[in-house]
Amino acid sequence: MSTNAVAAVRRLDRRGWLPRLDNRLLPPLLITSILISAHLSFGILEGYQRTGLAIATAIVTELVLGRAAYGVWPHPASAYISGISVGILVRSPFLWPFFLTSFISILTKYSLRYNGRHLWNPSNFGVSAVLLLAPDTVSLLSIQWGNAVAPMAVIWLLGSVIVWRVGRLHISATYAASFLLFGGVRAALTGVPWVTAVAPITGPMYQLFIFFMVTDPKTTVRTRRGQVIVVIIVAFVEMLLRLANVVYAPFYALFLVGPAAMLCEDLLMKPAKRQGLS
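What counts, and where the lines are drawn
Residues numbered from 1 in each chain as written. Predicted model: local features only at pLDDT ≥ 70, side-chain atom pairs only at ≥ 80, totals over all residues. Heavy atoms only, no water. Helix = DSSP H or I, 4+ residues; strand = E, 2+ residues; numbered from the N terminus. Buried < 20%, exposed > 50% of the residue type's maximum accessible area, 1.4 Å probe, protein only. Contact = heavy atoms within 4.5 Å. Areas by Shrake-Rupley, 256 points an atom, 1.4 Å probe, with all protein chains shown as cover. Phe/Tyr/Trp six-rings, centres within 6.5 Å; stacked < 30°, edge-to-face > 60°. Salt bridge = Lys/Arg side-chain N within 4 Å of Asp/Glu carboxyl O. Core = buried A, V, L, I, M, F, W, Y, C linked by side-chain atoms within 4.5 Å. Patch = residues over 30% accessible without salt bridge, like charges linked within 9 Å, V, L, I, M, F, W, Y side chains within 5 Å. Axes fitted to C-alpha atoms, helices over the stretch in contact; angles between N-to-C directions. Parallel < 35°, antiparallel > 145°, perpendicular 65-115°, else oblique. Polar contact = N/O pair within 3.5 Å; in protein donor to acceptor, adjacent residues only side chain to side chain. Left-handed = near helix turned anticlockwise from the far one by under 90°. Nonpolar A, V, L, I, M, F, W, Y, C, P; charged D, E, K, R; others polar.

Draft legend 1. Spatial organisation of the overall build of the chain. In terms of regular secondary structure, the chain is built from 12 helices and four strands. The 278 residues of the chain split such that 50% are buried. A fraction of 76% describes how many contacts in the chain between residues 6 or more apart in sequence connect residues 24 or more apart. When the accessible area of the chain is evaluated, it comes to approximately 13,500 Å², of which 67% is carbon and sulfur surface.

Draft legend 2. Region of interest: the packing of aromatic side chains. A full pass over the atoms with the stated rule returns 13 aromatic pairs. Taken together, a centroid distance of 6.2 Å and an interplanar angle of 70° make the contact between Tyr-206 and Phe-209 edge-to-face. Of this pair, Tyr-206 and Phe-209 both sit in helix H10 (residues 204-213), three residues apart, which is roughly one turn of that helix. Residue Tyr-206 shares its accessibility class with Phe-209, and that shared class is buried. Following the ring pairs from residue to residue traces out a cluster consisting of Tyr-175, Phe-179, Tyr-206, Phe-209 and Phe-251.

Draft legend 3. Structural context of the pattern of salt bridges. Throughout the structure, instances matching the rule amount to four salt bridges. With a closest N to O distance of 4.0 Å, Glu-265 and Arg-117 form a salt bridge. Of this pair, Glu-265 sits in helix H12 (residues 249-277) while Arg-117 sits in strand S3 (residues 117-118), placing them 148 residues apart in sequence. Comparing Glu-265 with Arg-117, the two get one shared label, buried.

Draft legend 4. Geometry of the nonpolar core. Formed by 66 residues in total, the largest nonpolar core has its most connected members in Ile-88, Leu-89, Tyr-175, Phe-209, Phe-212 and Val-234. Apart from residues no more than four positions distant in its own chain, Ile-88 is found in contact with Ile-31, Leu-35, Ile-44, Leu-141 and Leu-208.

Draft legend 5. Just the side chain of Thr-174, in detail. Residue position: Thr-174 is located in helix H8 (residues 169-190). Under the relative-accessibility criterion, Thr-174 is labelled buried at 17%. Setting aside its immediate chain neighbours within four residues, Thr-174 contacts Val-228, Val-231 and Ile-232.

Draft legend 6. Highlighting a nonpolar patch on the surface. Residues Val-185, Leu-189, Phe-236, Leu-240 and Leu-243 make up a contiguous nonpolar surface patch of about 410 Å² in total accessible area. The set of elements that each furnish at least two residues to the nonpolar patch consists of H8 and helix H11 (224-243). Among the elements that make up the nonpolar patch, the one with the highest residue count is H11 (three residues). With respect to the helices, strands and loops of the structure, Leu-240 is situated in helix H11. Leu-240 gets classed as partly exposed once you look at its relative accessible area, which sits at 41%.

Draft legend 7. How the structure looks around the packing of H8 against H10. Close contact between H8 and H10 brings their axes to 8 Å; oriented N to C, the two are set at 135°. Viewed along their axes, H8 and H10 adopt a mutual orientation that is oblique. Contact residues: H8 offers Ser-172, Tyr-175 and Phe-179, while H10 offers Tyr-206, Phe-209, Ile-210 and Phe-211.

Draft legend 8. The side chain of Gln-227, seen in detail. Note on placement: Gln-227 falls in helix H11. Polar side-chain contacts of Gln-227 include one of 2.6 Å to the side chain of His-170. Those residues within four positions of Gln-227 in sequence are excluded, and the remaining contacts are Arg-168, His-170, Ile-171, Thr-220, Val-221 and Arg-222.

Draft legend 9. Structural view of H10. Of all 10 residues making up H10, 10 are buried, and the element is well covered by its neighbours. Taken residue by residue, H10 has Pro-204, Met-205, Tyr-206, Gln-207, Leu-208, Phe-209, Ile-210, Phe-211, Phe-212 and Met-213 as its buried positions.

Draft legend 10. Fine view of the packing of helix H2 (residues 26-42) against helix H4 (residues 77-89). Between H2 and H4, the least distance of the axes is 9 Å, while the angle of their chain directions is 15°. One way to sum up the angle between H2 and H4 is to call them roughly parallel. Judged by the sense of rotation from one axis to the other, the crossing of H2 with H4 is left-handed. Together, Pro-27, Pro-28, Ile-31, Thr-32 and Leu-35 of H2 and Ala-77, Tyr-80, Ile-81, Ile-84, Ser-85 and Ile-88 of H4 make up the contact between the two elements. For the contact of H2 with H4, the class distribution of residues is nine nonpolar, two polar and no charged.

Draft legend 11. Main features of the environment of Leu-131. One can find Leu-131 in helix H6 (residues 122-133). For Leu-131, a relative accessible area of 4% puts it in the buried group. The residues touching Leu-131, leaving out its near neighbours within four places in the chain, are Val-138, Ser-139, Leu-140, Tyr-248 and Tyr-252.

Here you go:
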């Protein structure tokens, strides 16, 4: 989103002309908009039953585990995002991958933790795990918007406003710029046109990745500078994986880089904490 557009949105927000919604509800609204736009444009859903199963599994698993672990009923917004992401991304003729991916996604929030935080974005882990476990049965959405400019523009504008509202626009913008830059490197090394190299970023899959996975507050490092550096590394690792002809490179890149970055941050912060206590 341009500087002028961001400034205009900020003016509207200061004047109270933007809806005052709970920030937890903004990402679910965005991802629902992506689903509706992509399905109306391309019919992306494998079936309402499969997407409904993914959403229901995620929410029920979240409620049960949250109640069992902490004694409270967790807000379902995060689980809804994970479930609908699985419903959009996963391609399979069977129902069980939708159930299993959503279940694994939420389970990791409660099982794979370090210093009170889960290490992986839930749907990123779930999708990556099922792709590795059942590559002959499961694939991912690969549609690009192509000439359908209107829905793509609406989603990018809406997504930019929402991630700005929750303070994560710098992450999405940095990743998008890095992808375009490294796309140029890939184009130079492989001889494919630059437009072809960067075309995947126009699709619903990348909109989910850019607005939800790399910006997840629970699984990103704490400092703004660190977030920018990490997302550039994610884009760089993705480029390397693409050069090695690894399918679904962005998901594997985030799967590898995200937890490693959080662990490194914690190790670097420990000496500083000890010095502060001494």
